Every structure is written in C-alpha cells, then in structure tokens.
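# Working through the structure, step by step
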Amino acid sequence: AIAVCVLIVFETLRRDIPLLQSFYVTFIDDTKDSDTQIIVSHMFLILGCAAPLWIVENLGRQFSSLLLAEFGVISIGVGDAMGATVGKGIGKRKWGMNQRTLEGSSAMFLSMIWIGAYACHSYQEYAALLVASTFVTVLEAFTLQLDNLVLPLAGSTVALLLL
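What counts, and at which threshold
- Residues numbered from 1 in each chain as written.
- Predicted model: local features only at pLDDT ≥ 70, side-chain atom pairs only at ≥ 80, totals over all residues.
- Heavy atoms only, no water.
- Salt bridge = Lys/Arg side-chain N within 4 Å of Asp/Glu carboxyl O.
- Helix = DSSP H or I, 4+ residues; strand = E, 2+ residues; numbered from the N terminus.
- Buried < 20%, exposed > 50% of the residue type's maximum accessible area, 1.4 Å probe, protein only.
- Core = buried A, V, L, I, M, F, W, Y, C linked by side-chain atoms within 4.5 Å.
- Contact = heavy atoms within 4.5 Å.
- Expected span 1.5 Å × (residues − 1).
- Bend = angle between axes of the 7 residues up to and from the residue.

## Section: the pattern of salt bridges
For side chains bearing opposite charge, pairing can occur when the charged atoms are close. Scanning all chains against the criterion turns up 3 salt bridges. Glu 103 is paired through a salt bridge with Arg 93; the nearest N and O atoms lie 3.1 Å apart. Placement of the pair is Glu 103 in helix 6 (residues 102–116) and Arg 93 in the loop between helix 5 (71–90) and strand 1 (94–95), with a sequence separation of 10 residues. The class for Arg 93 is exposed, based on a relative accessible area of 52%. The residue Arg 100 makes a salt bridge to Glu 140 at a minimum N-O spacing of 2.7 Å. One end of the pair, Arg 100, is in strand 2 (residues 100–101); the other, Glu 140, is in helix 7 (residues 123–142), and 40 residues separate them in sequence. Of the two residues, Arg 100 and Glu 140, neither departs from the other in class, the shared state being buried. The network of salt bridges with common partners includes Arg 100, Glu 140 and Asp 147.

Put into structure tokens, the structure is as follows:
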C-alpha cells in the first residue's frame, strides 16, 4: 500500500518535473499507457503481485497455499518479465493480438512452471500450476487489457478453482 501511495505521488508530480517525465516515457508501453494520460501500469504491477497474497489471507487458515499466495510474483515478476526479455531479444514468430512471440510466450510458460514448482507441495498444486500457467500465457498473448493486473488475478482464480 505504501509503494502504491508513493507511485501516486510520483504520478501527480510527473507532469511538473521534466526529468521524471522523460524517465517515465522511456519505460512505458505505448499500447497500454500513454504519456498524455495517467500512467497506471507500474501501480498495477504492484497490485497484481500483491492481490493473490491478499486473496489467500482473506480465505483464512483452513486454506493455505504458497502457490496461490505467490502466483502474482510468479506470473508477473517471473513469467511476464522472462517472456518480455526473450520475446524482444530473440522472438521471431508473432501470435496473438498483442504482437507477442511464440518464443517469448514459451519462455514465460516455462519460467512460471520452473519457479512455481518450488511453491507446490502436492500433485494437485502441480496440476493447478500447469493449468493456471497455460491459461495465463494464452491470456497474455490475447488480452488488450493491462496485463500487470489481469494476469495474476485470472491465474489466481484458475488456481483457486482447482485447489
């Protein structure tokens, strides 16, 4: 919550401080954020990573799953970052509606499975990880929304339904 508040303050100051404005414009995705509007992708990144943890905390002690709690970090912090790095670096074959590459999507999926396996403690969790990672990878290629928030929430929902 504190990080989101700090980012909101930076966002309000962005227009008045040219150095901050040029820093933001360097890193925004023109298809999802525009330099003439409020830039929210960085705030959605923090919320997307934290939302699955908040869901697990609100479910209570009878349902505790490290996989579900960490799915925001697994999907955005690991999967989306790896997919973007590989896709921009060596991606050739485009697919989906967002100019995503098969190479980047494959890297996203494999990295989510690899890191997510450390959070699994049962075969049911491994199956949930496999299905949720597949769903999130396909959704990332076809969604036109801000994926920093949509992917962790959608993946967590799928995993929760399977656990």
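Read on for the rest.
## Description of the nonpolar core
Core analysis: the largest hydrophobic core is formed by 19 residues, its most contacted members being Leu 67, Phe 71, Met 112 and Val 136. With near-sequence residues (within four places) excluded, Val 136 lies in contact with Phe 71, Ser 75, Met 108, Met 112, Leu 151 and Gly 155.

## Some thoughts on helix 3 (residues 41–59)
Over its 19 residues, helix 3 runs 27 Å from end to end, which matches the ideal 27 Å to within 8%, given 1.5 Å per residue. Maximal helix bending in helix 3 amounts to about 35 degrees, located at Ala 50; proline Pro 52 follows within four positions. Within the span of helix 3, buried status applies to Ser 41, His 42, Met 43, Gly 48, Cys 49, Ala 50, Ala 51, Pro 52 and Val 56. Backbone geometry just after helix 3 places Gly 60 at a positive phi near 95 degrees.

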